[in-house]
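Now for the letters of each chain:
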Amino acid sequence: MHDIWNPWHGCVKCSEGCQNCYMFHLDALHGKNGADIYKTKNGFRYPLSKYRNGEYKVKSGEMIRVCMTSDFFLEEADPWRDEAWQIMRQRKDVKFFLLTKRPERVAEHLPWDWGDGWENIMFNVTCENQRRADERIPILLELPFKHKGIMCAPMIGPITIKRYLPAGQIEQVLCDGENYGGSRPCHYEWVKALYDECVARDVTFVFCSTGRYFVKDGKTYHIEDTRIQTEQAYRSGLNYKGKTYEYLLTDEWGYPLEQENLFEPYYGERCQECGMKLTCNGCSRCGKCIS
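It should be emphasised that the depicted structure is a prediction, and the values quoted were computed from it without experimental measurement.

Calculation criteria
- Residues numbered from 1 in each chain as written.
- Predicted model: local features only at pLDDT ≥ 70, side-chain atom pairs only at ≥ 80, totals over all residues.
- Heavy atoms only, no water.
- Phe/Tyr/Trp six-rings, centres within 6.5 Å; stacked < 30°, edge-to-face > 60°.
- Helix = DSSP H or I, 4+ residues; strand = E, 2+ residues; numbered from the N terminus.
- Buried < 20%, exposed > 50% of the residue type's maximum accessible area, 1.4 Å probe, protein only.
- Pairing = 2+ DSSP bridges.
- 1 Å grid on protein atoms, 1.4 Å probe; cavity = no way out; pocket = protein on both sides within 12 Å on 5 of 7 lines; lining within 4 Å.
- Points joined across faces, edges and corners; volume = space filled by probe spheres on them.
- Nonpolar A, V, L, I, M, F, W, Y, C, P; charged D, E, K, R; others polar.
- Contact = heavy atoms within 4.5 Å.
- Axes fitted to C-alpha atoms, helices over the stretch in contact; angles between N-to-C directions.

1. Focus: the packing of aromatic side chains
Then comes step 1: What the rule picks out here adds up to 14 aromatic pairs.
Then comes step 2: With centroids separated by 5.0 Å and ring planes inclined at 80°, the aromatic side chains of F72 and W85 adopt a geometry described as edge-to-face. Residue F72 is located in the loop between strand 4 (63–66) and helix 2 (78–90), and its partner W85 is located in helix 2; the two are separated by 13 residues in the primary sequence. This pair shows no difference in class: F72 is buried, exactly as W85 is.
Then comes step 3: When the ring of W85 is compared with that of W118, the centres are 5.7 Å apart and the planes differ by 80°; the resulting orientation is edge-to-face.

2. A few points about the pairing of strand 10 (residues 204–209)
Then comes step 1: Along strand 10, six of the six residues are buried, which leaves the element largely enclosed by surrounding structure.
Then comes step 2: One ladder, built from five bridges, connects strand 8 (residues 170–176) with strand 10; its direction is parallel. Across the sheet, the residue bridging to V173 is F205, located in strand 10.

3. Some details on the layout of surface pockets
Then comes step 1: Roughly 900 Å³ of internal volume is contained in the second largest pocket.
Then comes step 2: As for the second largest pocket, its lining consists of 29 residues, of which G61, K95, K241, Y245 and Y247 are closest to the centre.
Then comes step 3: Its residues assigned to classes, the lining of the second largest pocket shows 15 nonpolar, seven polar and seven charged.

4. A look at the sheet that holds strand 5 (residues 95–100)
Then comes step 1: What the seven strands build is an open sheet, ordered 1-4-5-6-7-8-10; its pairing is parallel. The open sheet has two edge strands, strand 1 (4–5) and strand 10, and neither has a second partner.
Then comes step 2: Contacting strand 6 (121–126), strand 7 (147–152) and strand 8, helix 3 (residues 130–142) runs over the sheet at an angle of about 170° to strand 7.

The values are spatial; any link to function lies outside them.
Quick look at the structure:
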């Protein structure tokens, strides 16, 4: 996908949400072990890659999701993280979506020039159930980031975050079901309750996908097709665009970028009913969805 940057691959399972990790599952299908951690060769400098004409492949204003097959604050990745920070420092015109299950490690592994945060970083903690929400969100609120969010994925139990929202720091909450072997069900009532809390505080809520097993009104729906999962999430009506927050992106010399010079996402026909629409870069026009 054009909006993912994996500077390293592999991880160590650390909580309940890791039990059926999709990365371990997909690696196993290819005869690999997801616990093998390594710096990626071809992908490490992806945000700096250019076309032959010298233009960056990743456009100014795009949102890049980081470490979707690992954890950015994984201990085993400590030797490589400074170089990754340097790439994000160089691309201050690009938004980087960081996600971790290890917020307790973050404060000691920020760049030397971090200050109260960089404008182009959106930092998220994973909260798959109430235990992890109460463990990780208080740490999130104490960390110096300009933009903060919560990822409830896979959502394997009811979660309330209303005690944390009045602080006004949480800009978005994303929710997703679970896929692949051993998938645990996601319940409509859990998603709806979380949605209601976010709407009450004008916080963006994104119901990305139902997951393989979705329970509503006591009935369990088995949905194999991931595209249908995202469509059903959209059709649930549980997506909400809350208060808009500005990313003060700059060029390489530190000058603010004008809106007309930023990436404008394109949404194709299939994008219109996708649960991820509120939080993605749009369609890359790769042609794969054209029958």
